[in-house]
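Examination of the molecular architecture
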Amino acid sequence: RDFGMPRLLLCLALAACLSVAWAGVVVEKVPVAGTSGWKVSNEKLSFTILNLGATIHSLHVPDRSGKQRDIVLGFEDAENYKVQGPYFGAIVGRVANRLNGGKFDIDGKKHQVALNDGANSLHGGKVGFDKKVWDVKEVKDGVVLSLESKDGEEGYPGNVKVTAHYSLKGSILTLRMTATTDSPTPVSLAQHSYFNLAGHEMGSILGTKLCLKATGYMPVKSDSIPTGQIIPLAEHSEMDFSSTQLVGDKMNDMARKRSLPVPFDSDACKPVSKAADAPESAPDAPGGPTSGAPLGFDHNYVLHRPNPVMRFLIGIFRGLLRPLRPVATVTDPKSGTQMRLLSDAPGVQFYSGNFLNGEAGKGGVKYQQHAGLCLETQTFPDSIGSDPASDVGKGATRILRPGQTYRHTVVYKFETVECEK
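Summary of the structure given here. (Residues numbered from 1 in each chain as written. Predicted model: local features only at pLDDT ≥ 70, side-chain atom pairs only at ≥ 80, totals over all residues. Heavy atoms only, no water.)

**Details of the pattern of salt bridges**
Using the criterion set out here, one finds 14 salt bridges in the structure. Between E153 and K132 there is a salt bridge, with the nearest N and O atoms lying 3.6 Å from each other. In this pair, E153 sits in the loop between β12 (142-149) and β13 (160-169) while K132 sits in the loop between β10 (121-122) and β11 (135-139), placing the two residues 21 residues apart along the sequence. For K132, a relative accessible area of 21% translates into the label partly exposed. E148 is paired through a salt bridge with K150; the nearest N and O atoms lie 3.5 Å apart. Classification of E148 by relative accessible area gives partly exposed; the value is 47%. When salt bridges with common partners are traced through the structure, they connect R98, D117 and D298 into a single cluster. (Salt bridge = Lys/Arg side-chain N within 4 Å of Asp/Glu carboxyl O. Helix = DSSP H or I, 4+ residues; strand = E, 2+ residues; numbered from the N terminus. Buried < 20%, exposed > 50% of the residue type's maximum accessible area, 1.4 Å probe, protein only.)

Okay, here's the thing in structure tokens:
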């Protein structure tokens, strides 16, 4: 029997389905911020990616009235991205977050990487992936960026090839990251965008509503290195976003617990005007009993794990099936803009922009403290070499070996909701 015609018809049908799925996506190279940018857009939303740092430079989504708002913080000039401290919009690596002393062991061999955060290493070192120029390839649904990190860069072993595929479908922005290596090395990448769903220029995110699908968090010491513990959220209510809460209300709880002035006027739903002589921190500030960090959140949250049956099935199909789990829902009550975040990562770093201090952003906007929030899906910070059977080890950064592929997917779903009372 001749199956040629049915096969041909099936191929044509699949091609038609794919064409419909990605219909309306426009990818174009544009000059932006003094460097090369790629704008990806459809009738729902648009975003611009820079080849410097694989950075999300802008992300325009509609509010309740249909007005398009740019909801990510960023610089006007690419030169600022090259020397930035906040990591606006970039992909960070080779290892995201902090490494205590910049040290780790692989197969009994000690490694020392570059220190750029006091006595620790942060987001890959002095010249991490955020400060590299990536190669860019246009594809029908977005852009694929690639980078080669050489053996010895920032002290990390092995030549590593990284890809980042930003794609757009309807109101969904998806990022798929991969990495391979020719020698054992740790890899943990994260997307470091700062979001303000009211608009990047609108000031504080303390009036933003947040829900995190987490069961615990990792407390940190004064240098923001985790203590190695995972604390159930029920034990520290000021850290608990398992039900939807205003960020400012929880920060008020944190301030009261540490005998600090509250930063948020809950009745007016806006930041409290700071007195000229108000203290910035106290010996008992968040992060640990001796922390001097500014008030706010900068902690890894442990995401809800599938039940044992699902974990068993995932183990069987690992490599074929990488299920995404709900991570967070973020809502701006005034504009009605809502973002749902999903990922296959075990943790998410919730950072409330504590160290922002008047950085000059897009359009001349000054980004003050708490002007944006980050939700960096990731493996657990400072976890290389942790016992796989321990609580921290279950979400630890693994050693990537030749023949293996590191994968990390992040999905951002946007919609609008009615005014919330």
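Further notes follow.
**Considerations on empty space enclosed by the protein**
Unoccupied space between atoms shows up once a probe the size of one water molecule is rolled over them. Within this structure, the stated rule accounts for three cavities of 30 Å³ or more. Considered as a void within the structure, the second largest cavity measures approximately 50 Å³ in volume. Lining the second largest cavity, in full, are G93, R94, G124, V127, G128, F129, K132, S149, E153, E154 and Y156. Its residues assigned to classes, the lining of the second largest cavity comprises three nonpolar, four polar and four charged. (1 Å grid on protein atoms, 1.4 Å probe; cavity = no way out; pocket = protein on both sides within 12 Å on 5 of 7 lines; lining within 4 Å. Points joined across faces, edges and corners; volume = space filled by probe spheres on them. Nonpolar A, V, L, I, M, F, W, Y, C, P; charged D, E, K, R; others polar.)

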